[in-house]
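So you can see what is in the structure, the chains are spelled out below.
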Amino acid sequence: MSTNPHSAGRSGLELSKFRNLPVILIVAGAIGAGLGVAASGKGVTQFAFSWLLAFMFALSLCMGGLFLVIVHHLFDASWSVPTRRLCEHLACLLAPTMLILFLPIAILAKTIYPWMRLTNPDHAVQSKYPLFTTPGYYIASAILFGIWWLYSNRLRYWSLRQDETGSADCTRRMRFFAASGVVLFALTLTLAAILWMKGLMSEWYSTMYGVTYFAASIWVTLPTVYVITLILQRTTVLGNLVKEKTYYMLGSLFLAFTVFWAYVNFSQYFIIWNANMPEETFWYVLREKGTWDVVGKYIIIFGHFFIPFVMLLRIDFKLKLATMLPLAAWAWAMHFVDLEFQIMPAVHPNTILTPGLLSDLGCVLLFTGVLMIVFIRSLNRHPLYPLKDPRIAEAMDVYVPPAAEVSVTPQGAK
Amino acid sequence: MPASYAILAEYETPAAVLHAAGKVRDAGYRHWDVFTPFPVHGMDGAMGIRNSKVGWFSFIGGCTGYTTGMLMIWFMNAYDYRIVIGGKPMFSPFAAFPPSYELTILFGAFGALLGMLFLNRLPRLHHPLLKNRRFAMATHDRFFVVIETSDPQYSEIETRQLLESLGSRHIEMVEE
C-alpha cells in the first residue's frame, strides 16, 4: 500500500488492537448524540448546538496543529522536527474534513444564532454590519476555510516536496507561508471565534474573546500532540527520532499555555467586572445561574488552570507517561467543559446537567472518530516525519559536519 | 605548609572533561565540582547532579506572596477601613487578585534569589581556588575537575591516578 520507503515494511501503525477505535467512537458518538437529542426535548436546536460545540472542539485541535507548524518555521527550532509532520496532518484536517463537518452548522445557522432570526436587528447587531448579516456570515465562513485550506495545504505540500528533493528552497517557501500565515492565523481564528461562538450572544462585547479561544485551542492541542507523538514513538520509525527534549518542550509549552489561558480569561473577566457595564456584564451574569456558577467558579478555575499548573511545574512530571497521559485526558475534559461554558448557556440557561450533555459528548466522540480516520490515513500515506528537514540531525542529537568540512578532509587525506 | 583544600586536574577539551566527570561520578566522589569557561551540555547528567532545589524556595516564596496579598487587601478593605466602591463587595478575590499576583512574583523572585544564595553558600569573601593561578584559565580555555580533600573517598594517590588516567596533563594540589 505505502509507496515511501520509510513506512514500507511497517504496515501502517501497529495498533491493531485499536484499529476499530474510530468506528467505535463514531457509532457510540452517534448513539449518544441521538439519545441526548431525543431526551433533551429540544430536537434540532439541541443537535445544532451539540454539533457546534463538537465542531469548535475539533477546530481547536486543527488550528493548534496549524499554529505549531507555523511556529516551528518561525522559530527554526529543532525539537519540533519530529512532531512537524503530524501537526501538518492535523492542520490539513481543516479543509476539506472540517469544511464538510461545518455544513450542518451552515444549514442550521438560523436555529443557532438569534441575530439571524431578528426581523428588526437592534443597534448591537447593526453596529456589526456587514459581518453579522446572513450573507456576511456565509461569505466570512467561506473566506476562513479558504485561507485555512491554502495555508495548511501549502505548508504540507512544500514539506512533502522537501522529503523528495531535500531542497532548501522548500524551507524558504514554508517560511514564507509561516510568516504570512501567523498574521492570517491570528485574524482568522479571532474571526472564527467571534462569528461562530461569540455570535451566540451578539449583544456582548469582549476584545479578549479571540485570544481566549486561541489560548484554549493551543492548550488542548499540546498534550494531544504529546500523546500522539508518544504513541508513534512506541509503534513506528519515529521512535529513533524523538528525544526527551521534544517532550520537555511540549510539556513546557503546555505549562505556558495553561498560564496564558488563565491570564487572558482572568483579564476578560476582571475588566468586565471592574467596568461594570450592563452590555458586558450580562454575559457573565447569565453564567452565574444554576450549576453554571459552579462550572465557572470552581471546575474551570481549578480544573482548567490550577491542577494542570501545579502538576506541570515539575520538570519530571512533564516527561512521565504516568502524569502526562492522565493530564492529556484531563485537558480534553476541561476544554470540553470550557466550551460548554462558552456555548451552552445560550440554550440551557440554568444548568449544564441536561440530557443535552450526552449529545454534546456524543458529537465530540463522533468528531474524534471521523478526524482520527482521516488523520491516520494521512499518517500512513506519507513519511512520518520530515525526512530531509535541515535540522533533522540536530533533532536526533547527532553531529553532522558541515558540507565544506566533509569535502575538504577526504581530498586532504588523499 | 598549609593544609590541602583539593586536588585540581586540568583538561583541554569539553569532551575530555565531560568524560572525566562521568568517571569521577561513577567512582563515588561527592565533594567535587567541574569548572568550564562555558556551559557544557550534558554536564549535569555526567556529574550526576539532580534538579536544583531553588524551585522549592521560589514556590514557597510565591505562596507566601499570594497569601500576604490576599490577607493584606482583605484586612484593609473589608476589616480595618471599609469603603463601598461602585456597589461591589467589600472583598472580592477577583479585585484582590492582581496585587496578590504581583506579590506572588515578587516573593517568588525573592525566594529564588535568596534560596540560590543560601544553597550556594554565598556571599563569601574568599575561596581557596581563587588563589590558584592555573585556575584562572577556567575563564579562558581550560576545563577543571576539582575534588576536595574532605571527600570520604579521597586518597592522595588513588585520586591522582584516577584523574591522570582520565587524560589530565596537569594536576596540582590547591592550598587551603
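Numbering of residues starts from 1 in every chain and runs along the sequence as written. Note on labels: chains are lettered from A, ligands numbered from 1, in written order. The model is predicted, so local features are restricted to residues of pLDDT at least 70 and side-chain atom pairs to those at 80 or more, both for listing and for counting; the totals for chains, interfaces and linings are taken over all residues. In computing side-chain properties, one takes all heavy atoms of the structure into account and sets aside hydrogens as well as water.

Draft legend 1. View of the nonpolar core. Counting residues in each nonpolar core, the largest one holds 129 residues, and the members touching the most others are Phe55, Met56, Leu59, Tyr113, Tyr137, Trp148 and Trp196 of chain A. Ranked by residue count, the leading element in this core is helix H2 (residues 44-75) of chain A, at 20 residues. Ignoring anything within four residues of it in the chain, the contact list for Tyr113 of chain A reads Leu52, Ile105, Tyr137, Leu195, Trp196, Gly199 and Leu200 of chain A. Here, the term nonpolar core denotes a set of buried Ala, Val, Leu, Ile, Met, Phe, Trp, Tyr and Cys residues that are joined through side-chain atoms within 4.5 Å. Note on classification: 1.4 Å probe, protein chains only; a residue is buried when its accessible area is under 20% of the maximum for its type, exposed when over 50%, partly exposed between these limits. One finds Val24, Tyr29, Val145 and Tyr154 of chain B within the second-largest nonpolar core, a separate group that totals 21 residues. Each helix corresponds to a stretch of at least 4 residues labelled H or I by DSSP, and each strand to a stretch of at least 2 residues labelled E; elements are numbered beginning at the N terminus. By definition, residues are in contact when any of their heavy atoms lie within 4.5 Å.

Draft legend 2. Just the interface of chain A and chain B, in detail. Of the residues lining the interface, nine residues belong to chain A; the matching set on chain B comes to 11 residues. Two parts placed together each lose some accessible area; with a 1.4 Å probe, that loss summed over both constitutes the buried area. Roughly 940 Å² is buried in total at the junction of chain A and chain B, and carbon and sulfur atoms are behind 77% of that figure. It is Phe266, Phe270 and Trp273 of chain A that lose the most area in chain A upon contact with chain B, and together they represent 50% of the buried surface on that side. Each salt bridge in this description consists of a side-chain nitrogen of Lys or Arg and a carboxyl oxygen of Asp or Glu lying within 4 Å of one another. Our count for the contact surface shared by chain A and chain B stands at zero salt bridges. Polar contacts, as counted here, are pairs of nitrogen or oxygen atoms within 3.5 Å of one another; within protein the pair requires one atom able to donate a hydrogen and one able to accept it, and residues that are adjacent in sequence qualify only if both atoms are side-chain atoms. Linking chain A with chain B are one residue pair in polar contact (both at pLDDT 80 or more). The greatest single-element share of the side of chain A that touches chain B, amounting to five residues, is contributed by helix H11 (residues 244-275) of chain A. Classification used: nonpolar for Ala, Val, Leu, Ile, Met, Phe, Trp, Tyr, Cys and Pro, charged for Asp, Glu, Lys and Arg, polar for all others including Gly. Of the residues belonging to the side of chain A that touches chain B, the class tally is six nonpolar, two polar and one charged.

Draft legend 3. A look at the domain arrangement of chain B. Note that domain bounds follow an automatic or database assignment of domains. For chain B, the assigned domains are domain 1 (4-50 + 126-175) and domain 2 (54-120). Relative to domain 2 of chain B, the C-alpha centre of domain 1 of chain B lies at a distance of 44 Å.

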